[in-house]
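Architecture at a glance
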Amino acid sequence: MALQQATPETATETQARIDAIARELERRQSAMQQRSRQLSLTERELQQLEMQINTVASELSATTAQLNQTNQRIDALEQQQDQLKAEQKQQARWLAKQLNMAYRIGEHDFLKLILNQENPADFERLHGYYGYFNRARLEKLDELKATQAQLQDVAGKLAIARDQIAAQQSQQKRQQGVLREQQKEQQQLIRRLQREQQQDQSRVAQLEQDQQELEEVLAAIIAALRDEPQLDGLAKLKGKLNWPAQGNVQNLFGRTRSGGVKWKGTLIDAPADSSVRAVADGRVIFANWMRGYGLLLVLDHGDGYMSLYGHNQTILPNVGEVVRRGEEIGLVGQSGGRSSPALYFEIRVKGDAVNPAQWCR
């Protein structure tokens, strides 16, 4: 589904809506921060750590891209170096051949002709040969020197590129090490959080509050994005959407959770760090940590349609950015207190949750 081209007028209106969303979200987040004082110490530590994991994972992704670019540059330089070496060998063979021919003619014959000028025609002919071979040798020597200079230049660039890749690999190892340590700490915090939650007699109230907070945020978003002109909604795509992650889809919609709270979406069991992709064109209207959902991303698809993606390890686009159908928008994680990696996925129509299984294939 193609997005409409924004005119100056619609761009201004869109910016006004985005500003309105930002103000409303700021107000809602301020209220949520007031409520977050009721969070346990473990939940606050988990929130901070998962935001750090998001940052490190993004840095690691950027370093990996730099590594790929540097490897491509090294491959190109090595191919150029091989070509220059082949040219150098060919030039050396030509030069050796010319030297051999000069030796066959013999420098002593030329000296005899100079001293004994009995046959001027022979002298003139051999003098021309010697001149031709000398010029050819000089040309080949110049070509050889130029090729050697190019080889030195390429060797210097290769040395710089290899130093760069060594530094990037070192940085990548450091980032991977930091990420692994943070994920270990995350597991410890999750286990501690689960112990705390097992002792929490108000688990049902917490689930309802988590859901209510999400409803309040979504209600604010809907109020700020009424009559969005640039996105066409999902009505024509019902039953044609791809699932946002590759994995085992748990069709939990409508089933009862602990304490009688019903599921309003699905869980997709997927490998950690695997891609989360937008199910359709949309604009990012929420990208932040929320209790019970971890790192949560919300896309507006227009005409009252939204999709939600929770428990991410990292979120790639920023609020306000437009993403395309199938574009990578995050990585599967276990933020929000999950013990194993999975993606939480919802589809909303004018604020009401609908069964994603009826929309995705």
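What counts, and where the lines are drawn
- Residues numbered from 1 in each chain as written.
- Predicted model: local features only at pLDDT ≥ 70, side-chain atom pairs only at ≥ 80, totals over all residues.
- Heavy atoms only, no water.
- Helix = DSSP H or I, 4+ residues; strand = E, 2+ residues; numbered from the N terminus.
- Buried < 20%, exposed > 50% of the residue type's maximum accessible area, 1.4 Å probe, protein only.
- Phe/Tyr/Trp six-rings, centres within 6.5 Å; stacked < 30°, edge-to-face > 60°.
- Lys NZ or Arg CZ within 6 Å of the ring centre and 35° of its normal.
- Pairing = 2+ DSSP bridges.
- Salt bridge = Lys/Arg side-chain N within 4 Å of Asp/Glu carboxyl O.
- Contact = heavy atoms within 4.5 Å.

Here we come to unusual backbone geometry. With phi around 75°, D273 is a residue other than glycine that occupies positive phi space. Along the chain, the position of D273 falls in the loop between strand 2 (266–269) and strand 3 (275–277). Judged by its relative accessible area of 40%, D273 falls in the partly exposed class. The phi dihedral of H311 falls on the positive side, at around 70°, and the residue is not glycine. Secondary-structure assignment places H311 in strand 6 (residues 305–315). Accessibility expressed as a relative area gives 7% for H311, which makes it buried.

Turning next to the packing of aromatic side chains. Under the defined criterion, the tally for this structure stands at five aromatic pairs. A centroid spacing of 5.6 Å and a plane angle of 50° characterise the contact between Y293 and Y344, whose relative ring orientation is tilted. Here Y344 lies in strand 9 (residues 343–349) and Y293 lies in the loop between strand 4 (282–290) and strand 5 (294–302), a separation of 51 residues in the sequence. The same class applies to Y293 as to Y344, namely buried. Looking at R257, its charged tip hangs above the ring of W263, at a distance of 4.2 Å from the centre.

Taken across its seven residues, strand 9 has seven buried, putting it largely inside the fold. Neither face of strand 9 is open: one carries L343, F345, I347 and V349, the other Y344, E346 and R348, and all of them are buried. Bridge analysis of strand 2 against strand 9 gives three bridges, and the strand direction is antiparallel. Along strand 9, the bridge assignment pairs T266 with F345. Summarising the sheet, strand 6 and strand 9 pair through six bridges and their orientation is antiparallel. Bridge pairing in strand 9 links G310 to Y344. Pairing of strand 9 with strand 10 (residues 352–354) involves three bridges; the strand directions are antiparallel. The partner of V349 across the bridge, within strand 10, is D352.

Applying the stated criterion across every chain yields a total of seven salt bridges. Note that D153 is salt-bridged to K157, the shortest N-O span being 3.5 Å. Highlighted residues: D153 and K157, both in helix 4 (residues 120–198), separated by four residues, approximately one helical turn. With its nearest N and O atoms 3.8 Å apart, the salt bridge here joins E181 to K184. In this pair, E181 and K184 are both assigned in helix 4, three residues apart and thus about one turn of the helix distant. The network of salt bridges with common partners includes E215, K264, E346 and R348.

With that settled, the discussion passes to the pairing of strand 2. Of the strand pairs in this sheet, strand 1 (residues 248–250) and strand 2 are connected by three bridges, and their pairing is antiparallel. For Q250, the partnering residue across the bridge sits in strand 2 and is L267.

With that settled, consider the side chain of T266. Following the sequence through the fold, T266 ends up in strand 2. With near-sequence residues (within four places) excluded, T266 lies in contact with W243, Q250, N251, L252, L343, Y344, F345 and P356.

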